[in-house]
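Residues per chain are reported as follows:
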Amino acid sequence: VYCDNDENTRNLKVESNPDCLNQLNNETLCEKYILVHVTADSNTGGSTLHYLFDLIGKPSVLIAKTPKDASLNVNWTQLSGNSNCIKFSKDPEYVFSTVIDNIVLFNDTDGTSNYSDPNNTNVEKYDPLHIKWDLVNLTESNGKKVMLEVNATHVNNGSFSLRFTAFGFQDHNEDLPKLLHTPDSMQIDIIASNIRSNYSSPRIAMELLMVSSEDKSEGAYKLNRIRNLDDEFTPGIFDVYNILSPRSNNDTRGAFVQFRPVCYTSHYRSVSYSTESRHGEVQTADSKDFTYSLPSNFFSSVSLDNALKQAINITFGQPDDGFYSHTNYISFSFLIGLESPATEGLSMFVKIFSAVGLGVPLLVLIVGGIYVAVKKYRS
(Lines give C-alpha, C1' and ligand atoms only; values in the text may rest on other atoms or scores of the structure.)
Protein backbone atom coordinates (compact mmCIF):
# COMPACT_ATOMS: atom_id res chain seq x y z
CA VAL A 1 0.00 0.00 0.00
CA TYR A 2 1.45 3.35 -1.04
CA CYS A 3 0.23 6.63 0.42
CA ASP A 4 1.34 9.95 -1.09
CA ASN A 5 2.64 12.27 1.62
CA ASP A 6 1.97 15.93 0.85
CA GLU A 7 3.40 17.20 4.13
CA ASN A 8 6.97 17.39 2.84
CA THR A 9 6.38 18.87 -0.61
CA ARG A 10 6.77 22.28 -2.22
CA ASN A 11 4.91 24.12 -4.95
CA LEU A 12 7.24 25.55 -7.61
CA LYS A 13 6.79 28.72 -9.64
CA VAL A 14 9.26 29.93 -12.26
CA GLU A 15 10.08 33.27 -13.84
CA SER A 16 12.78 34.18 -16.32
CA ASN A 17 14.83 37.39 -16.05
CA PRO A 18 12.54 38.90 -13.37
CA ASP A 19 11.86 42.63 -13.91
CA CYS A 20 14.57 42.91 -16.58
CA LEU A 21 12.37 44.55 -19.21
CA ASN A 22 10.96 47.12 -16.78
CA GLN A 23 14.44 48.26 -15.75
CA LEU A 24 16.34 48.11 -19.03
CA ASN A 25 13.43 48.72 -21.41
CA ASN A 26 15.30 46.68 -24.01
CA GLU A 27 13.64 43.43 -25.01
CA THR A 28 16.52 42.35 -27.27
CA LEU A 29 19.06 42.77 -24.47
CA CYS A 30 16.91 40.96 -21.91
CA GLU A 31 16.48 38.01 -24.28
CA LYS A 32 20.26 37.55 -24.27
CA TYR A 33 20.31 37.06 -20.50
CA ILE A 34 19.55 33.77 -18.75
CA LEU A 35 18.64 34.28 -15.10
CA VAL A 36 15.88 31.96 -13.91
CA HIS A 37 14.16 32.33 -10.53
CA VAL A 38 12.23 29.42 -9.04
CA THR A 39 10.12 29.97 -5.93
CA ALA A 40 9.43 26.84 -3.86
CA ASP A 41 6.68 27.40 -1.29
CA SER A 42 6.17 24.80 1.43
CA ASN A 43 2.75 23.15 1.66
CA THR A 44 3.02 23.39 5.44
CA GLY A 45 3.42 27.18 5.40
CA GLY A 46 7.06 27.21 6.47
CA SER A 47 10.01 28.97 4.87
CA THR A 48 10.29 29.51 1.12
CA LEU A 49 13.19 28.29 -0.98
CA HIS A 50 14.48 30.39 -3.88
CA TYR A 51 16.50 28.75 -6.65
CA LEU A 52 18.47 31.04 -8.95
CA PHE A 53 20.01 29.63 -12.14
CA ASP A 54 22.43 32.09 -13.70
CA LEU A 55 24.15 31.87 -17.09
CA ILE A 56 24.95 35.58 -17.41
CA GLY A 57 28.32 35.05 -15.77
CA LYS A 58 29.83 31.69 -14.92
CA PRO A 59 27.16 28.97 -14.65
CA SER A 60 25.93 29.32 -11.08
CA VAL A 61 23.15 28.07 -8.85
CA LEU A 62 22.08 29.76 -5.63
CA ILE A 63 19.62 28.36 -3.09
CA ALA A 64 18.27 30.73 -0.44
CA LYS A 65 15.87 29.92 2.39
CA THR A 66 13.82 32.99 3.28
CA PRO A 67 10.67 33.93 5.21
CA LYS A 68 7.57 33.06 3.22
CA ASP A 69 6.75 36.62 2.09
CA ALA A 70 10.29 37.56 0.94
CA SER A 71 10.67 38.67 -2.69
CA LEU A 72 13.62 38.81 -5.08
CA ASN A 73 15.07 42.13 -6.25
CA VAL A 74 17.53 42.26 -9.15
CA ASN A 75 19.32 45.47 -10.11
CA TRP A 76 19.82 44.80 -13.81
CA THR A 77 21.73 48.02 -14.41
CA GLN A 78 24.45 46.91 -11.98
CA LEU A 79 24.40 43.16 -12.60
CA SER A 80 27.75 42.72 -14.33
CA GLY A 81 30.41 42.05 -11.70
CA ASN A 82 28.89 44.11 -8.87
CA SER A 83 28.16 42.94 -5.35
CA ASN A 84 24.75 43.20 -3.69
CA CYS A 85 22.88 43.72 -6.97
CA ILE A 86 20.76 40.62 -6.26
CA LYS A 87 18.88 40.81 -2.97
CA PHE A 88 15.82 39.58 -1.16
CA SER A 89 13.35 41.89 0.54
CA LYS A 90 14.06 40.04 3.80
CA ASP A 91 17.37 38.60 4.93
CA PRO A 92 17.66 34.89 4.06
CA GLU A 93 17.98 32.35 6.83
CA TYR A 94 20.60 30.47 4.81
CA VAL A 95 22.28 30.72 1.40
CA PHE A 96 24.29 28.15 -0.55
CA SER A 97 25.73 28.46 -4.04
CA THR A 98 27.81 26.42 -6.47
CA VAL A 99 29.70 27.67 -9.51
CA ILE A 100 31.13 25.70 -12.43
CA ASP A 101 34.45 27.52 -12.50
CA ASN A 102 36.08 25.69 -15.38
CA ILE A 103 35.48 22.75 -17.69
CA VAL A 104 38.81 21.09 -18.35
CA LEU A 105 40.23 18.96 -21.14
CA PHE A 106 43.53 17.31 -20.18
CA ASN A 107 45.87 14.59 -21.40
CA ASP A 108 45.72 11.65 -19.00
CA THR A 109 49.10 10.25 -20.02
CA ASP A 110 49.59 8.12 -16.91
CA GLY A 111 46.02 6.74 -17.03
CA THR A 112 45.17 7.66 -13.43
CA SER A 113 42.25 9.97 -14.21
CA ASN A 114 43.92 12.50 -11.91
CA TYR A 115 43.35 16.00 -13.22
CA SER A 116 44.91 17.47 -10.06
CA ASP A 117 48.37 16.13 -10.95
CA PRO A 118 50.62 19.24 -10.69
CA ASN A 119 53.11 17.79 -13.18
CA ASN A 120 50.56 17.57 -15.97
CA THR A 121 51.08 20.51 -18.32
CA ASN A 122 48.77 19.22 -21.07
CA VAL A 123 45.66 20.96 -19.77
CA GLU A 124 43.17 23.09 -21.67
CA LYS A 125 40.61 25.03 -19.62
CA TYR A 126 37.29 26.29 -20.96
CA ASP A 127 36.13 29.23 -18.89
CA PRO A 128 32.31 29.09 -18.97
CA LEU A 129 32.27 32.87 -18.62
CA HIS A 130 33.55 33.16 -22.20
CA ILE A 131 31.21 30.53 -23.62
CA LYS A 132 27.93 31.59 -25.20
CA TRP A 133 25.07 29.65 -23.64
CA ASP A 134 21.79 29.31 -25.51
CA LEU A 135 18.47 28.54 -23.86
CA VAL A 136 17.21 25.18 -25.12
CA ASN A 137 14.28 24.51 -22.82
CA LEU A 138 12.59 25.91 -19.72
CA THR A 139 9.66 23.86 -18.44
CA GLU A 140 7.50 23.76 -15.34
CA SER A 141 5.55 20.55 -14.62
CA ASN A 142 2.41 21.10 -12.55
CA GLY A 143 4.28 23.01 -9.88
CA LYS A 144 6.33 19.93 -8.97
CA LYS A 145 9.38 20.20 -11.21
CA VAL A 146 11.20 22.96 -13.09
CA MET A 147 13.90 22.15 -15.64
CA LEU A 148 16.25 24.52 -17.44
CA GLU A 149 18.42 23.28 -20.30
CA VAL A 150 21.18 25.33 -21.93
CA ASN A 151 23.66 24.45 -24.63
CA ALA A 152 26.97 25.86 -25.84
CA THR A 153 27.86 24.82 -29.38
CA HIS A 154 30.96 25.42 -31.50
CA VAL A 155 33.33 24.39 -28.69
CA ASN A 156 36.13 22.62 -30.58
CA ASN A 157 33.48 21.38 -33.01
CA GLY A 158 31.48 19.98 -30.10
CA SER A 159 29.20 21.23 -27.36
CA PHE A 160 28.72 21.54 -23.62
CA SER A 161 25.23 21.19 -22.19
CA LEU A 162 23.88 21.92 -18.72
CA ARG A 163 20.57 20.90 -17.20
CA PHE A 164 19.26 22.32 -13.92
CA THR A 165 16.26 20.60 -12.30
CA ALA A 166 14.44 21.72 -9.14
CA PHE A 167 11.98 19.37 -7.45
CA GLY A 168 9.04 19.90 -5.13
CA PHE A 169 8.97 16.35 -3.79
CA GLN A 170 11.25 13.53 -2.68
CA ASP A 171 11.96 10.68 -5.06
CA HIS A 172 14.64 9.11 -7.20
CA ASN A 173 15.23 10.82 -10.52
CA GLU A 174 14.02 8.93 -13.56
CA ASP A 175 17.41 8.76 -15.30
CA LEU A 176 20.50 6.98 -14.05
CA PRO A 177 22.19 7.32 -11.62
CA LYS A 178 18.74 7.96 -10.11
CA LEU A 179 19.90 10.26 -7.33
CA LEU A 180 17.50 10.63 -4.41
CA HIS A 181 16.41 14.27 -4.39
CA THR A 182 14.34 16.08 -1.75
CA PRO A 183 12.07 19.15 -1.89
CA ASP A 184 15.11 21.08 -0.59
CA SER A 185 17.54 19.99 -3.30
CA MET A 186 18.08 20.14 -7.06
CA GLN A 187 20.07 18.25 -9.68
CA ILE A 188 22.68 19.51 -12.13
CA ASP A 189 23.70 17.51 -15.22
CA ILE A 190 26.74 18.37 -17.32
CA ILE A 191 27.30 16.88 -20.78
CA ALA A 192 30.33 17.14 -23.07
CA SER A 193 29.68 15.95 -26.63
CA ASN A 194 32.10 15.67 -29.56
CA ILE A 195 34.77 17.94 -28.07
CA ARG A 196 37.73 17.72 -30.43
CA SER A 197 41.14 17.03 -28.90
CA ASN A 198 44.70 16.60 -30.13
CA TYR A 199 45.64 14.71 -26.98
CA SER A 200 46.36 10.99 -27.17
CA SER A 201 44.55 10.28 -23.88
CA PRO A 202 41.96 13.03 -23.42
CA ARG A 203 39.68 13.33 -20.41
CA ILE A 204 37.10 15.88 -19.28
CA ALA A 205 37.03 17.30 -15.76
CA MET A 206 35.14 19.99 -13.87
CA GLU A 207 36.22 22.56 -11.29
CA LEU A 208 33.34 23.19 -8.89
CA LEU A 209 33.22 26.08 -6.41
CA MET A 210 31.04 26.08 -3.27
CA VAL A 211 30.12 28.96 -0.96
CA SER A 212 27.59 29.26 1.87
CA SER A 213 26.47 31.88 4.35
CA GLU A 214 28.27 29.91 7.06
CA ASP A 215 31.35 31.70 8.34
CA LYS A 216 34.71 30.24 7.39
CA SER A 217 35.56 30.10 11.09
CA GLU A 218 32.93 27.36 11.52
CA GLY A 219 35.15 24.79 9.83
CA ALA A 220 35.35 23.23 6.37
CA TYR A 221 33.31 21.07 4.04
CA LYS A 222 33.67 17.37 4.78
CA LEU A 223 33.74 14.72 2.06
CA ASN A 224 32.00 11.58 3.31
CA ARG A 225 31.70 8.24 1.57
CA ILE A 226 28.60 6.13 2.22
CA ARG A 227 28.51 2.53 1.07
CA ASN A 228 25.16 0.84 0.52
CA LEU A 229 24.52 -2.86 0.11
CA ASP A 230 21.59 -2.14 -2.21
CA ASP A 231 22.35 -1.11 -5.81
CA GLU A 232 18.76 -1.38 -7.03
CA PHE A 233 18.61 2.16 -8.42
CA THR A 234 22.18 2.43 -9.74
CA PRO A 235 23.30 -1.09 -10.69
CA GLY A 236 26.92 -1.85 -9.86
CA ILE A 237 27.46 1.41 -7.94
CA PHE A 238 27.32 1.04 -4.18
CA ASP A 239 29.01 4.31 -3.15
CA VAL A 240 27.55 7.75 -2.54
CA TYR A 241 29.72 10.79 -1.80
CA ASN A 242 28.43 13.69 0.27
CA ILE A 243 30.21 17.02 0.61
CA LEU A 244 28.74 18.46 3.80
CA SER A 245 29.03 21.99 5.15
CA PRO A 246 30.01 22.18 8.86
CA ARG A 247 26.41 22.67 9.98
CA SER A 248 25.11 19.84 7.79
CA ASN A 249 27.91 17.60 9.03
CA ASN A 250 26.80 18.36 12.61
CA ASP A 251 23.18 17.47 11.82
CA THR A 252 22.04 21.08 11.80
CA ARG A 253 20.73 23.18 8.94
CA GLY A 254 23.56 23.49 6.47
CA ALA A 255 24.09 22.48 2.84
CA PHE A 256 25.46 19.60 0.80
CA VAL A 257 26.64 18.36 -2.58
CA GLN A 258 25.98 14.71 -3.41
CA PHE A 259 27.06 12.46 -6.27
CA ARG A 260 27.63 8.85 -7.16
CA PRO A 261 31.05 8.03 -8.70
CA VAL A 262 29.63 7.19 -12.11
CA CYS A 263 29.24 8.94 -15.46
CA TYR A 264 27.86 7.85 -18.80
CA THR A 265 29.42 7.62 -22.25
CA SER A 266 26.19 7.65 -24.26
CA HIS A 267 23.02 9.69 -24.43
CA TYR A 268 21.28 6.45 -23.48
CA ARG A 269 22.25 5.97 -19.85
CA SER A 270 22.76 2.33 -18.96
CA VAL A 271 25.23 0.09 -17.15
CA SER A 272 26.87 -0.88 -20.44
CA TYR A 273 27.53 2.79 -21.23
CA SER A 274 28.94 3.77 -17.86
CA THR A 275 32.33 4.54 -16.38
CA GLU A 276 33.53 5.83 -13.06
CA SER A 277 34.32 9.37 -11.98
CA ARG A 278 37.24 10.42 -9.82
CA HIS A 279 37.41 13.40 -7.46
CA GLY A 280 40.14 15.32 -5.70
CA GLU A 281 40.26 16.64 -2.17
CA VAL A 282 38.13 19.55 -1.01
CA GLN A 283 40.31 22.66 -1.15
CA THR A 284 40.07 26.26 -0.01
CA ALA A 285 38.79 28.78 -2.57
CA ASP A 286 39.45 32.51 -2.79
CA SER A 287 36.96 35.34 -3.23
CA LYS A 288 38.47 36.25 -6.60
CA ASP A 289 37.55 32.78 -7.90
CA PHE A 290 33.89 33.85 -7.71
CA THR A 291 34.30 36.94 -9.90
CA TYR A 292 31.50 37.26 -12.48
CA SER A 293 29.34 34.63 -10.86
CA LEU A 294 26.06 34.61 -8.97
CA PRO A 295 27.68 34.65 -5.50
CA SER A 296 29.69 37.77 -6.39
CA ASN A 297 26.43 39.49 -7.37
CA PHE A 298 24.67 38.38 -4.19
CA PHE A 299 27.19 38.67 -1.38
CA SER A 300 28.86 41.93 -0.43
CA SER A 301 32.63 41.89 -0.80
CA VAL A 302 33.06 41.67 2.98
CA SER A 303 30.47 38.91 3.34
CA LEU A 304 32.08 36.91 0.53
CA ASP A 305 35.51 37.22 2.15
CA ASN A 306 34.14 35.86 5.44
CA ALA A 307 31.92 33.18 3.89
CA LEU A 308 32.91 29.53 3.78
CA LYS A 309 34.38 29.03 0.29
CA GLN A 310 35.85 25.79 -1.03
CA ALA A 311 36.34 23.87 -4.26
CA ILE A 312 36.62 20.34 -5.63
CA ASN A 313 37.76 18.82 -8.94
CA ILE A 314 35.83 15.93 -10.49
CA THR A 315 37.25 13.92 -13.39
CA PHE A 316 34.96 11.96 -15.70
CA GLY A 317 36.40 8.55 -16.50
CA GLN A 318 38.51 5.77 -15.05
CA PRO A 319 41.69 3.94 -16.08
CA ASP A 320 41.32 1.55 -19.02
CA ASP A 321 37.96 2.88 -20.24
CA GLY A 322 39.32 4.11 -23.57
CA PHE A 323 39.42 7.80 -22.53
CA TYR A 324 37.03 10.48 -23.74
CA SER A 325 37.96 9.91 -27.40
CA HIS A 326 36.52 6.39 -27.22
CA THR A 327 32.93 7.72 -27.42
CA ASN A 328 33.37 11.53 -27.54
CA TYR A 329 30.53 11.78 -25.05
CA ILE A 330 30.35 12.05 -21.28
CA SER A 331 27.60 13.04 -18.84
CA PHE A 332 27.66 13.47 -15.07
CA SER A 333 24.99 14.31 -12.48
CA PHE A 334 25.10 15.69 -8.96
CA LEU A 335 22.74 17.13 -6.36
CA ILE A 336 23.01 20.29 -4.30
CA GLY A 337 20.65 21.14 -1.47
CA LEU A 338 20.03 22.48 2.00
CA GLU A 339 20.04 20.68 5.35
CA SER A 340 21.13 17.02 4.94
CA PRO A 341 20.98 14.54 2.05
CA ALA A 342 18.09 12.10 2.00
CA THR A 343 18.93 8.69 3.40
CA GLU A 344 18.59 5.76 1.03
CA GLY A 345 16.22 3.07 2.29
CA LEU A 346 15.04 -0.24 0.96
CA SER A 347 12.28 0.12 -1.61
CA MET A 348 8.97 -1.71 -1.32
CA PHE A 349 10.07 -4.05 -4.11
CA VAL A 350 13.21 -5.07 -2.22
CA LYS A 351 11.24 -5.49 1.02
CA ILE A 352 8.65 -7.75 -0.65
CA PHE A 353 11.34 -9.70 -2.51
CA SER A 354 13.30 -10.20 0.73
CA ALA A 355 10.17 -11.15 2.63
CA VAL A 356 9.24 -13.75 0.04
CA GLY A 357 12.81 -15.04 -0.24
CA LEU A 358 13.15 -15.49 3.52
CA GLY A 359 9.51 -16.17 4.33
CA VAL A 360 8.87 -19.09 1.97
CA PRO A 361 11.79 -21.25 3.23
CA LEU A 362 10.85 -20.39 6.81
CA LEU A 363 7.23 -21.32 6.15
CA VAL A 364 8.29 -24.63 4.57
CA LEU A 365 10.52 -25.31 7.57
CA ILE A 366 7.71 -24.59 10.05
CA VAL A 367 5.10 -26.64 8.14
CA GLY A 368 7.57 -29.48 7.66
CA GLY A 369 8.46 -29.44 11.35
CA ILE A 370 4.80 -29.54 12.36
CA TYR A 371 4.17 -32.40 9.92
CA VAL A 372 7.08 -34.45 11.29
CA ALA A 373 6.06 -33.75 14.90
CA VAL A 374 2.43 -34.74 14.26
CA LYS A 375 3.49 -37.89 12.44
CA LYS A 376 5.78 -38.95 15.29
CA TYR A 377 3.10 -38.20 17.84
CA ARG A 378 0.56 -40.41 16.02
CA SER A 379 3.12 -43.19 15.78
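Residues numbered from 1 in each chain as written. Predicted model: local features only at pLDDT ≥ 70, side-chain atom pairs only at ≥ 80, totals over all residues. Heavy atoms only, no water.

## Overview of the overall build of the chain
Broken down by element type, the chain carries six helices and 23 strands. When each of the 379 residues of the chain is scored for burial, the buried share is 50%. Considering only contacts in the chain between residues 6 or more positions apart, those separated by 24 or more positions represent 66%. Accessible area of the chain: about 18500 Å², with a carbon and sulfur share of 49%. The average position of the 31 basic charges and that of the 44 acidic charges among the side chains of the chain differ by 6 Å. (Helix = DSSP H or I, 4+ residues; strand = E, 2+ residues; numbered from the N terminus. Buried < 20%, exposed > 50% of the residue type's maximum accessible area, 1.4 Å probe, protein only. Contact = heavy atoms within 4.5 Å. Areas by Shrake-Rupley, 256 points an atom, 1.4 Å probe, with all protein chains shown as cover. Lys, Arg positive; Asp, Glu negative; His and termini not counted. Charge placed at Lys NZ, Arg CZ, Asp CG, Glu CD.)

## Section: the environment of Pro 246
Looking at the secondary structure, you find Pro 246 in helix 3 (residues 246–249). Each C-alpha atom, one on Pro 246 and one on Glu 214, is 8.1 Å from the other, the two residues being 32 residues apart in sequence. With near-sequence residues (within four places) excluded, Pro 246 lies in contact with Glu 214, Glu 218, Gly 219, Ala 220 and Leu 308.

## Description of the packing of aromatic side chains
With the rule as written, the count across this model stands at twelve aromatic pairs. Look at Phe 53 and Phe 164: their rings are 5.4 Å apart centre to centre, the planes differ by 20 degrees, and that puts the pair in the stacked class. One end of the pair, Phe 53, is in strand 3 (residues 48–54); the other, Phe 164, is in strand 11 (residues 158–167), with 111 residues separating them in the sequence. In this pair, the class of Phe 53 matches that of Phe 164, namely buried. An aromatic cluster is defined as three or more aromatic residues linked by ring pairs; in this entry it consists of Tyr 241, Phe 259, Phe 316, Phe 332 and Phe 334. (Phe/Tyr/Trp six-rings, centres within 6.5 Å; stacked < 30°, edge-to-face > 60°.)

## Here we look at the pairing of strand 4 (residues 60–66)
Extensive coverage of strand 4 is indicated by the burial of seven of its seven residues. The side-chain alternation of strand 4 yields two buried faces, one formed by Ser 60, Leu 62, Ala 64 and Thr 66 and the other by Val 61, Ile 63 and Lys 65. In this sheet, strand 4 lies alongside strand 3 in antiparallel orientation, the contact comprising seven bridges. Bridge pairing links Asp 54 to Ser 60 in strand 4. Linking strand 3 to strand 4, which pair antiparallel, is a turn of five residues. Pairing between strand 4 and strand 7 (residues 94–107): six bridges, direction antiparallel. Residue pairing in the sheet places Ala 64 in a bridge with Val 95 of strand 7. (Pairing = 2+ DSSP bridges.)

## A few points about the confidence of the model for the chain
Scored by pLDDT, the chain has a mean of 90; 94% of the residues are at 70 or more. For residues 1–6, every residue scores under 50 in pLDDT, and the model assigns this stretch one contact once sequence neighbours within four places are set aside. (pLDDT = per-residue confidence, 0-100.)

## Description of the pattern of salt bridges
It is possible for side chains of opposite charge to pair when their charged atoms get near one another. For the structure shown, the criterion picks out 18 salt bridges. The salt bridge involving Arg 247 is made with Glu 218; its shortest N-O contact spans 2.9 Å. Of the two residues, Arg 247 is situated in helix 3 and Glu 218 in the loop between strand 15 (202–215) and strand 16 (222–227); the sequence distance between them amounts to 29 residues. Judged by its relative accessible area of 27%, Arg 247 is partly exposed. Two residues, Arg 225 and Asp 239, come together in a salt bridge whose shortest N-O distance is 3.2 Å. Of this pair, Arg 225 sits in strand 16 while Asp 239 sits in strand 17 (residues 239–244), and the two are 14 residues apart along the sequence. The class for Asp 239 is buried, based on a relative accessible area of 11%. Salt bridges sharing common partners tie together Glu 149, Arg 163, Asp 189 and Arg 269. (Salt bridge = Lys/Arg side-chain N within 4 Å of Asp/Glu carboxyl O.)

## Observations regarding the state of the cysteines
Enumeration according to the criterion identifies one disulfide in this entry. A disulfide bridge connects Cys 20 with Cys 30, and the sulfur atoms are separated by 2.1 Å. The S-S bond linking Cys 20 to Cys 30 shows a torsion near -95 degrees; that makes this disulfide left-handed. Of this pair, Cys 20 sits in helix 1 (residues 20–24) while Cys 30 is found in helix 2 (residues 27–32), placing the two residues ten residues apart along the sequence. Of all cysteine sulfurs, the one in Cys 20 lies closest to Cys 85, which takes part in no disulfide; the gap is 12 Å. Cys 85 gets classed as buried once you look at its relative accessible area, which sits at 4%. (Disulfide = S-S within 2.5 Å.)

## Things to note about the nonpolar core
By size, the foremost hydrophobic cluster in this structure holds 55 residues, and its most contacted members are Phe 53, Phe 164 and Met 186. When neighbours within four sequence positions are excluded, Phe 164 is seen to be in contact with Phe 53, Leu 55, Val 61, Val 146, Met 147, Leu 148, Val 150, Met 186, Gln 187 and Ile 188. Of all hydrophobic cores here, the second largest spans 25 residues; its members include Leu 62, Val 95, Leu 209 and Val 211. (Core = buried A, V, L, I, M, F, W, Y, C linked by side-chain atoms within 4.5 Å.)

## A closer look at the pairing of strand 18 (residues 255–259)
Within strand 18, five of the five residues are buried, which leaves the element mostly enclosed by the surrounding structure. With burial as the criterion, each face of strand 18 is covered, one bearing Ala 255, Val 257 and Phe 259 and the other bearing Phe 256 and Gln 258. Where strand 17 and strand 18 come together, four bridges link them in antiparallel fashion. Across the sheet, residue Leu 244 finds its bridge partner in strand 18, namely Phe 256. The pairing of strand 18 with strand 23 (residues 329–338) spans four bridges and is antiparallel.

## Some details on unusual backbone geometry
Residues Leu 176 and Pro 177 are joined by a peptide bond in cis, for which omega reads 10 degrees. Considering the arrangement of structural elements, one finds Pro 177 in the loop between strand 12 (171–172) and strand 13 (180–181). For Asp 19, which is not glycine, the phi dihedral falls at a positive 65 degrees. By the secondary structure assignment, Asp 19 is in the loop between strand 1 (10–16) and helix 1.

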